[in-house]
Amino acid sequence: MSEQIKKFMYINRRAPYGTIYAWESLEVVLIGAAFDQDVSLAFMDDGVYQLIKGQDTSEVDMKNFSPTYQALGDYDVTKLFVEKESLEERGLTLEDLMPLTYEDEDDDWAEKASIRLVSRAELADILEQQDVIFSF
Amino acid sequence: MKFAIQVNEGPYQHQAADSAYQFTKAVLEAGHEIMRVFFYHDGVNNGTSLTTPPQDDRNIVNRWSELGKKHDLDLVVCVAAAQRRGIVDEGEMKRNGKSAQNIADGFRISGLGQLVEAGIQSDRLVVFGD
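Residues numbered from 1 in each chain as written. Chains lettered and ligands numbered in written order. Predicted model: local features only at pLDDT ≥ 70, side-chain atom pairs only at ≥ 80, totals over all residues.

K.L.:
Any chance you could explain the nonpolar core here in plain terms?
P.N.:
One broad rule of soluble globular proteins: the nonpolar side chains tend to lie buried together. If you look at the biggest cluster of nonpolar residues, it comprises 64 residues, and the most contacted ones within it are Tyr10(A), Ile5(B), Val37(B), Phe38(B), Phe39(B), Val77(B) and Cys78(B). Sorting elements by how many residues they give to this core places helix H1 (residues 21-32) of chain A first, with five residues. When sequence neighbours within four positions are dropped, the list of residues in contact with Tyr10(A) reads Ser25(A), Val28(A), Val29(A), Leu41(A), Phe134(A) and Phe136(A). (Core = buried A, V, L, I, M, F, W, Y, C linked by C-beta atoms within 7 Å. Buried ≥ 20, exposed ≤ 12 C-beta atoms within 10 Å, placed from the backbone. Helix = DSSP H or I, 4+ residues; strand = E, 2+ residues; numbered from the N terminus. Contact = placed C-beta atoms within 7 Å.)

Here's what the structure looks like:
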């Protein structure tokens, strides 16, 4: 669709329902997937709560959009970096997050984990490598 | 250098709307190019013609319209964010059966693809918000 491929990073720093940033960020990711860029997502600070499993918004009358994260693999969005320190600071572990996966077309469609735990320092290096950074 | 600007916050509520304007103006004065200004989240409220600030205050909406006219800027309001927040042009008014339109002069409503495209085509995408 486009002639050049850039490294796109979407940084998610906010809890999923307190503001609309998380949901509208996801909308950009879904639209952006059609542009065939090299897309990564990062979850840090309260943004790690976006990936918590078992989200239930029925009591607050808001749309539970967490199932949408499970569809990201089908959109070829397969790199979700979660900052380890942000999880730890909130008393969370990888076990508390949705088990998001994708099918790797370069490896006989083997199912692989989309979530990659990285340290704050590693995430800084990853951000350094990006061409375009969206911050939500 | 070719810049794209993303404005994520509404006028008067948040300084990001002012900073985005001041930065855009400075970029143009320095002889660079602004390929697009994209308004997202509450930033879409920078594009409503119904804004009436007190007379002794800056008019943020008109300021964008004037800068846009002077430099032929592409001021794009995200359609999905605009629909949620009641920013409407003639097409949207007809499509959604609304009673009015309020898009300010020089702004246009379009899709999120315009933001992604701006990221691809510009040398720098600068985001204004928290």
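K.L.:
Got a minute to help me understand the interface of chain A and chain B in this structure?
P.N.:
Every contact between the two is made by 16 residues of chain A and, on the other side, 13 residues of chain B. Mapped onto the side of chain A that touches chain B, the elements with two or more residues apiece are H1 and strand E7 (132-135) of chain A. Here the residues of the side of chain A that touches chain B sort into eight nonpolar, five polar and three charged. (Nonpolar A, V, L, I, M, F, W, Y, C, P; charged D, E, K, R; others polar.)

K.L.:
When you look at the confidence of the model for chain B in this model, what are you seeing that I'm missing?
P.N.:
Any residue range with low pLDDT should be treated as having predicted coordinates unsuitable for detailed reading. Summary statistics for chain B give a mean pLDDT of 97 and a share of 100% for residues scoring 70 or more. Two numbers describe this predicted complex: its pTM, 0.94, and its ipTM, 0.90. (pLDDT = per-residue confidence, 0-100.)

K.L.:
Where do I start with the pairing of strand E5 (residues 110-113) of chain A in this structure?
P.N.:
Here is the key point about a regular strand: its side chains alternate between the two faces of the sheet. Residue and element names in this part refer to chain A. Where strand E4 (residues 101-104) lies against E5, four bridges are found, and the strand directions are antiparallel. Bridged to Tyr-102 within E5 is Lys-112. In this antiparallel pair of consecutive strands, E4 and E5, the connection spans five residues, and Asp-108 shows a positive phi of 55°. (Pairing = 2+ DSSP bridges.)

K.L.:
Just checking my understanding: could you explain the sheet that holds strand E2 (residues 38-43) of chain A for this structure?
P.N.:
Backbone-to-backbone hydrogen bonds pair the strands of a sheet. The strands run either parallel or antiparallel. Residue and element names in this part refer to chain A. The strand order E6-E3-E2-E1-E7 describes an open sheet built from five strands, whose pairing is parallel. Each edge of the open sheet carries a strand with a single partner, namely strand E6 (115-118) and E7. Along the sheet, successive strands turn relative to each other by an average axial angle of 25°, direction set aside. As paired elements, strand E1 (residues 7-12) and E7 share four bridges and run parallel to each other. The residue bridging Ile-11 from the neighbouring strand is Ser-135, located in E7. Along the sheet, H1 contacts E1, E2 and E7; its crossing angle with E1, the most-contacted strand, is approximately 165°. Sitting on the sheet, helix H4 (residues 120-128) is in contact with E1, E2, strand E3 (80-83), E6 and E7, with an inclination near 140° to E3. (Axes fitted to C-alpha atoms, helices over the stretch in contact; angles between N-to-C directions.)

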